[in-house]
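Structural characterization, general
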Amino acid sequence: MIIETPSKVILFGEHAVVYGYRAISMAIDLTSTIEIKETQEDEIILNLNDLNKSLGLNLNEIKNINPNNFGDFKYCLCAIKNTLDYLNIEPKTGFKINISSKIPISCGLGSSASITIGTIKAVSGFYNKELKDDEIAKLGYMVEKEIQGKASITDTSTITYKGILEIKNNKFRKIKGEFEEFLKNCKFLIVYAEKRKKKTAELVNEVAKIENKDEIFKEIDKVIDEALKIKNKEDFGKLMTKNHELLKKLNISTPKLDRIVDIGNRFGFGAKLTGAGGGGCVIILVNEEKEKELLKELNKEDVRIFNCRMMN
Ligand code: PMV
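Computed from a prediction, not measured in an experiment: that's the story for all the values here.

Criteria and thresholds
Residues numbered from 1 in each chain as written. Predicted model: local features only at pLDDT ≥ 70, side-chain atom pairs only at ≥ 80, totals over all residues. Heavy atoms only, no water. Helix = DSSP H or I, 4+ residues; strand = E, 2+ residues; numbered from the N terminus. Rg over C-alpha atoms; globule rule 2.2 N^0.38 Å. Buried < 20%, exposed > 50% of the residue type's maximum accessible area, 1.4 Å probe, protein only. Contact = heavy atoms within 4.5 Å. Lys, Arg positive; Asp, Glu negative; His and termini not counted. Charge placed at Lys NZ, Arg CZ, Asp CG, Glu CD. Phe/Tyr/Trp six-rings, centres within 6.5 Å; stacked < 30°, edge-to-face > 60°. Lys NZ or Arg CZ within 6 Å of the ring centre and 35° of its normal. UniProt positions renumbered as here; feature names shortened; annotations may be inferred. Salt bridge = Lys/Arg side-chain N within 4 Å of Asp/Glu carboxyl O.

Counting its secondary structure elements, the protein chain contains ten helices and eleven strands. The globule rule puts the C-alpha radius of gyration for 312 residues at 20 Å, and the 20 Å found for the protein chain is close to it. With the C-alpha coordinates of the protein chain rotated into their principal frame, the extents come out at 55 × 40 × 40 Å. Put simply, the protein chain has 312 residues, and 58% of those count as buried. Counting contacts in the protein chain only where the partners sit at least 6 residues apart, residues at least 24 apart contribute 71% of the total. Of the charged side chains in the protein chain, 50 are positive and 46 negative; the average position of the first set lies 2 Å away from that of the second.

Following the criterion strictly, the structure yields nine aromatic pairs and no others. Ring centres of F95 and Y127 lie 6.5 Å apart, and the angle between their planes is 85°; on these two criteria the pair is classed as edge-to-face. Residue F95 is located in strand β5 (residues 95–101), and its partner Y127 is located in the loop between α2 (111–126) and α3 (133–148); the two are separated by 32 residues in the primary sequence. Y127 shares its class with F95; the two are buried. The structure contains a cluster of three or more aromatic residues connected by ring pairs, namely F12, F179, F182 and F236. Positioned over the ring face of Y192 is R304, at 5.7 Å from the centre of the ring.

Within this numbering scheme, the UniProt entry marks D155 as carrying the feature "active site". Take D155: it is sitting in helix α4 (residues 154–161).

Take unusual backbone geometry next. Note: most peptide bonds trans; most residues except glycine with negative phi. Even without being glycine, N52 reaches a positive phi, approximately 60°. Residue class for N52 comes out exposed when judged on its relative accessible area of 72%.

This brings us to the pattern of salt bridges. One pass over the structure, following the stated rule, counts 20 salt bridges. For E14, the salt bridge is made with K272, and the minimal N-O distance between the two is 2.8 Å. Separated by 258 residues along the polypeptide, E14 in the loop between β1 (2–12) and β2 (23–38) and K272 in strand β9 (residues 268–274) bring together distant segments of the chain. Among the ionic pairs, R22 bridges to D225, the shortest N-O distance being 3.0 Å. Of this pair, R22 sits in the loop between β1 and β2 while D225 sits in helix α7 (residues 213–229), placing them 203 residues apart in sequence. Using a relative accessible area of 12% as the deciding quantity, one classes R22 as buried. Through salt bridges with shared partners, a single network forms among R22, E166, R173, D221 and D225.

Take a look at the structure:
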């Protein structure tokens, strides 16, 4: 069995969401792929294809491990362990899980949540137990919490339910209808500009010290109000850029992110950093008429470029 899970971007409202305002997240088709197969040995074998790393565990070991001791395998192992516990399954036959991912890591695209949700689906599917999305999202959230100590539902929910979500106070609402239809027709570029210099928690702590942050969050919320009503790419792109300008006031952008956003403005409909900031990625709304020039300009920078669309 092969499971393909999306990654996510925050379209609007990062940081504001920490203070009880809304954020809008979107599942994108930059995916990870989890393959699960039965084996003849009494072992659980994990292969992280992109990192060229493998791990073998005896079947009876999985229940007693502390996933946090297993480095790059921790999310996958925690997802296997918690799914088996939840389904009350004692594994009797060995299985092998192969993981590959197109998602760049540690840059706000939810690569670990993507692998976590994919593993939960693969393991439950392997035992012919179909879990509901609510169960999958909850298990995924628990895995992130166990591994990170603290988690928000943004990544695991967006990746489970796909499409567009409004996140507020660690709860979500799926946005359907015209807004979703509009975004289905949008083409985006995710531009991985640079390694993040700081972790999300550090950036959140720095934003906490900004005196007029509440004013800025209110402005961001107005941007979201407008964005939810929009049906044309030009105006939508302008609002993405407006959100970026507001994020700049929170001091979480960098010169390189600003440069990429500027290119996204000149040769696309608009752009913004996505996620916690301090480096990482920019999302650009593509203007197909100027796409060639956009790519030409971006390729002058030292960046990685990913085409993407909403996944639902
Ligand atoms: O870690 P990231 O890049 O997905 O960003 C998280 C978004 C924040 O609003 C900054 C933090 C949060 O928990 O919502």
